[in-house]
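Fold and contact review
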Amino acid sequence: MKLVSPEALNESQRSELEGYSRFFPAGSVCVNVMLGPEPWDLRPLLLLLGKVHLARFSMALSDSLARSVTSELEGFSVLCTAQQRAQLLPGQGRFMLIRPYFAETLKDELERGRISSARERLDMAHGLIRRVAELSRRSLAHGHICPANIVRDGADLLLIDPFVGTLHQSSDLYLPPESASGKPPEPLADLYCLGKTLTTLLGESLSAPQRSIVEQLILPAPRQRPRIEEVAAVFGLGKLSVPDPDASRDSLNVKAQKGSGRLLRPGAKAPIDRNTDRIPEQSTGNGEVLRTDAPKREGSWTTPILIGVATIFAAGWIIKDRYPALYFELTSRVPMLAAQHSAEYEAEWASRDRTRMAVVGRAAVIRREPAAINTIVNDLIAGANPDGVQAALLRVALSDGWREDLTPVDKHAALVFALEGLVPEGRAQIADTQTLHPGVLLAVLGQSSLKHLPNDLKNLPVDILTRLPAPFGQLFSQAKAMGVAKLGDTPAIGLAQIVTGNASSEAFDRFLGSEQQAGLTLAKVSLIEPVVSASEATASELLNVLGDRGGDIATLIHWFDLEDLAGWGSAKAADKISLVLGNLPQGALTVAQLSDLLMFPLEKVRIEAAGKLRSVFTGQEGERLLATLTTPASGLSREQIIALLSALAVPPESRIPFITAWFNLAPPADSVVLVLLSRSHVDSKDVFNLEAARFLRRANWNATPDILRLLARHPEPLARVLAYGRLDPSVDESRSILLERKGLEKDETCLRVLQERLASFKKAEPAQDGRKG
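Residues numbered from 1 in each chain as written. Predicted model: local features only at pLDDT ≥ 70, side-chain atom pairs only at ≥ 80, totals over all residues. Heavy atoms only, no water.

**Comments concerning the overall build of the protein**
- When helices and strands are counted, the protein shows 35 helices and 10 strands.
- Across the 773 residues of the protein, 47% fall into the buried class.
- Here the analysis covers contacts within the protein between residues at least 6 apart in sequence; of these, 60% occur between residues at least 24 apart.
- Total accessible area on the protein stands at roughly 37600 Å², and carbon and sulfur atoms take up 52% of it. (Helix = DSSP H or I, 4+ residues; strand = E, 2+ residues; numbered from the N terminus. Buried < 20%, exposed > 50% of the residue type's maximum accessible area, 1.4 Å probe, protein only. Contact = heavy atoms within 4.5 Å. Areas by Shrake-Rupley, 256 points an atom, 1.4 Å probe, with all protein chains shown as cover.)

**Examining the pattern of salt bridges**
- Applying the stated criterion across every chain, the model contains 33 salt bridges.
- For the salt bridge of Asp379 with Arg352, the shortest nitrogen-to-oxygen distance reads 2.8 Å. You can see Asp379 sitting in helix H13 (residues 370-381) and its partner Arg352 sitting in the loop between helix H11 (343-350) and helix H12 (354-365), a full 27 residues away along the chain.
- Judged by relative accessible area, Arg352 falls into the partly exposed class, the value being 36%.
- Glu369 is paired through a salt bridge with Arg367; the nearest N and O atoms lie 2.8 Å apart. (Salt bridge = Lys/Arg side-chain N within 4 Å of Asp/Glu carboxyl O.)

**Thoughts on a nonpolar patch on the surface**
- A cluster of nonpolar side chains, Val29, Val31, Leu47, Val52 and Tyr101, forms an exposed patch at the surface whose accessible area comes to about 350 Å².
- Along the chain, Val29 turns up in strand S2 (residues 29-35).
- For Val29, a relative accessible area of 46% puts it in the partly exposed group. (Patch = residues over 30% accessible without salt bridge, like charges linked within 9 Å, V, L, I, M, F, W, Y side chains within 5 Å.)

**Focus: the packing of aromatic side chains**
- On inspection of all chains with the given rule, the structure shows 11 aromatic pairs.
- Between Trp559 and Phe600, the aromatic rings sit 4.9 Å apart at their centres with planes inclined by 85°, giving edge-to-face as the arrangement. Remark: Phe600 occurs in the loop between helix H25 (591-596) and helix H26 (603-613) and Trp559 occurs in helix H23 (residues 551-562); sequence separation between them is 41 residues.
- A relative accessible area of 7% means that Trp559 is categorised as buried.
- On the basis of relative accessible area, Phe600 is assigned to the buried category, the value being 0%.
- Three or more aromatic residues joined by ring pairs make a cluster, and in this case those are Trp559, Phe560, Trp568 and Phe600.
- The ring of Phe511 has Lys524 sitting right over it, with the charged end atom 5.8 Å from the ring centre.
- Lying over the aromatic face of Trp559, Arg638 brings its terminal NZ or CZ to 3.6 Å of the ring centre. (Phe/Tyr/Trp six-rings, centres within 6.5 Å; stacked < 30°, edge-to-face > 60°. Lys NZ or Arg CZ within 6 Å of the ring centre and 35° of its normal.)

**Regarding the sheet that holds strand S3 (residues 42-48)**
- In spatial order, the strands read S1-S2-S3-S4-S6-S5; together these six strands make up an open sheet with antiparallel pairing. Each edge of the open sheet carries a strand with a single partner, namely strand S1 (2-4) and strand S5 (85-89). Ignoring strand direction, the axes of neighbouring strands in this sheet form an average angle of 25°.
- The pairing of S5 with strand S6 (residues 94-100) spans five bridges and is antiparallel. (Pairing = 2+ DSSP bridges. Axes fitted to C-alpha atoms, helices over the stretch in contact; angles between N-to-C directions.)

**Describing the side chain of Arg94**
- Tracing the chain through its elements places Arg94 in strand S6.
- Despite its burial, Arg94 pairs with no opposite charge, the nearest such side chain being Glu16 at 4.0 Å.
- Apart from residues no more than four positions distant in its own chain, Arg94 is found in contact with Glu16, Tyr20, Trp40, Ser58, Met59, Ala60, Ala66, Gln87, Leu88 and Leu89. (Lys, Arg positive; Asp, Glu negative; His and termini not counted.)

**Re helix H29 (residues 656-663)**
- Of the positions making up H29, those classed as buried are Ile659, Trp662 and Phe663. The buried residues of H29 occupy an angular sector of 95° when projected down its axis, which confines them to one face. (Arc of directions from axis to C-beta.)

**Some words on the pairing of strand S7 (residues 150-153)**
- Across four bridges, the pairing between S7 and strand S8 (residues 156-159) is antiparallel. If you follow Ile150 over to S8, its bridge partner there is Leu159.
- If you look at the hairpin formed by S7 and S8, you'll find two residues sitting between the two strands, and Gly154 has a positive phi there, around 70°.

**A word on helix H19 (residues 490-499)**
- Counting buried positions along H19 gives eight out of 10 residues, so the element sits mostly inside the fold.
- Regarding H19, the residues found buried are Ala492, Ile493, Gly494, Leu495, Ala496, Gln497, Ile498 and Val499.
- In this structure, the buried side of H19 is in contact with helix H16 (438-447), helix H18 (472-481), helix H20 (505-512) and helix H21 (518-532).
- Looking at the residues trailing H19, positive phi occurs at Gly501, about 80°.

**Side note on the confidence of the model for the protein**
- For the protein, mean pLDDT is 80; residues scoring 70 or higher make up 82% of the total.
- Of all helices and strands in the protein, the one with the weakest mean pLDDT is strand S10 (residues 289-290) (31), whereas helix H6 (residues 187-202) scores best (94).
- Below pLDDT 50 for its whole length, residues 242-302 participates in 100 contacts with residues either more than four positions away or in separate chains.
- In the predicted structure, residues 327-337 sits below a pLDDT of 50 and forms 28 contacts with residues beyond four places in sequence or in another chain. (pLDDT = per-residue confidence, 0-100.)

**Thoughts on the environment of Pro491**
- Looking at the element boundaries, Pro491 is found in helix H19.
- Judged by its relative accessible area of 22%, Pro491 falls in the partly exposed class.
- Residues Pro491 and Phe511, spaced 20 residues apart in sequence, show a C-alpha to C-alpha distance of 3.9 Å.
- In this structure Pro491 touches Val484, Arg510 and Phe511, once residues within four positions along its chain are discounted.

**So, the environment of Ala371**
- Structurally, Ala371 can be placed in helix H13.
- A residue is classified by how much of its surface remains accessible, and Ala371, at 4% relative accessible area, is buried.
- Note: C-alpha distance between Ala371 and Val360 (11 residues apart in sequence) is 9.2 Å.
- With residues up to four places along the chain from it excluded, the contact list for Ala371 reads Ala339, Gln340, His341, Ser342 and Tyr345.

**What about the side chain of Asp596?**
- In this structure, Asp596 sits in helix H25.
- On the accessibility criterion, Asp596 (0% relative accessible area) is buried.
- In contact with Asp596, not counting residues within four places along its chain, are Trp559, Ala566, Trp568, Arg638 and Ile642.

Next comes the structure, spelled out in structure tokens:
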């Protein structure tokens, strides 16, 4: 980030800064400007009351979004963020955020190596988890928690610049996938950011359980991420209090009231003092103070209002008893008509007694009482799985990808299906399944048992689910192209179970079908691979199913088990599935594993593995070596290839014991010749070439003229001696090789052997001529 003085700005930047300056706090002075990545992204440093503050401006937003965000940002000012002030810039669709300036962030500290202690890093991780939990309790989301937005204030961690990265749709790797929408973040986004930041902060020091839950935090689907309480437990922080149900963002009828503490915005009305029934003093803007201690006037206008409110509530109760469906519609739009929370319902539901829970369920499903609905939804969305309730069904139905598009009828239907085990009579509340949102139908199809799957849902066309947002719609579109026609078709049910997190061996068998044609099976596996790879347990289940089906695919899978020489036993199941599909996995593979893949049955994998190994074995000799080993004629076993490449990957000064161990595996002599020739551009100090020549002196191998010609030119002297000794000067082709090398050989020992071979031929010539005479 470049820091310049205001005088150093160009004309357009100076004009931009002047436009911002009228919103600076009174008495502040701009001393420097940080230049962001975009022309409008100027970040003035303001000297205010003896301290330096940084001003951040948003990009141009819609007026409604800018107003909403400005109000939302005030909720952070009483929490774990640095003290800040958010202000809407009238008429510009922007907001301004002013906070203290910090010269160093956690990112700077990590890059400069100032946090070397593992204990200090873990303490910071604990503090960060508590910060995220604190935001979650208030139903607030920062949206871009990352080392660059974390600063230390003594022993405390502070978060800076909430919302900014999310709203600007930055490409930062710490931002969750859902941030691409440009909307204000949801609390589940912070879980993704937390996972990425913990990975950077703790790295290899993560224990196995910690690494597992961190990997779950960065799953692409927000609902797949674990709760912050689970993360805290794994990191040894004990039990954290769960978010306040009154602030739940996932209620069917009540929007979350985010942020309990609000700063007074410029131009906003001052809050009422509930203890005195007075409004605090306010400035009129011209230096005068508006006094608010005048006595209240009774009975002039309050009585009609109270009568009107009472009438509305009375009408609401009448409608509730006689027309529950209409009451549900009204209360979803006018929440004040009904109580939103009930301590009695919460106690009954929390008892986990099915009879008592059914009472709350009937109140929610049959009478559609918001208090009962909120009690159930808040509990299930928070991750509870009570007996007799399809909690996962409701969570899928209310997924972030389509929750905003659901109608009250859709939400009520989702609740009916989820509570069918407790309130079976509620099924009659759903008049027409076909009119429900595809997300609700997907949840029912994927989370209901087959025997409880509604008959009217089975006959619906699969086209309905193709309208779902990515990636679900595309998955069912491709399934349709493979012949799946109705939602009741077995492959459609299996696919729905897989993509909604209900994957099992039965689900995979349903989707893959009984067809043993390898091409079609691999096409189906390729279709679900992105979904399956998100969970190692699910990937392992699929791998087992494919291995049990037999055929060519099972042969590929069992290839990993025949010889576990490269650590395939500990490799990820998702990586093995990728290899079975003919693709090198995205994750890092060891040199041993890449070496082993040079013998994999699929040619595409062999070629890609060789390409990866080229970064290890560079140069012409590496290219020739890998070309030799990837041909079936190499004659080496998997073990010998792994051992050879692992030995050659070691620095030259440390190779001797590994090279010796390789020759102890008794590789075929003809294979050793091929490897030796492939390394003909390595200088004479190479340990492998020397040992290979020694090995060949004691072995039988196919010494063709072409091979001997190449050996005679090899940089390893012992290899040349080997060639000279096997060349027969009585044969014209061999003699020409020796004569060619006579004028080129520089090594005295090699030259002596060469000359002796030629001399033996000359001695034999007179005897042959005498016999002829």
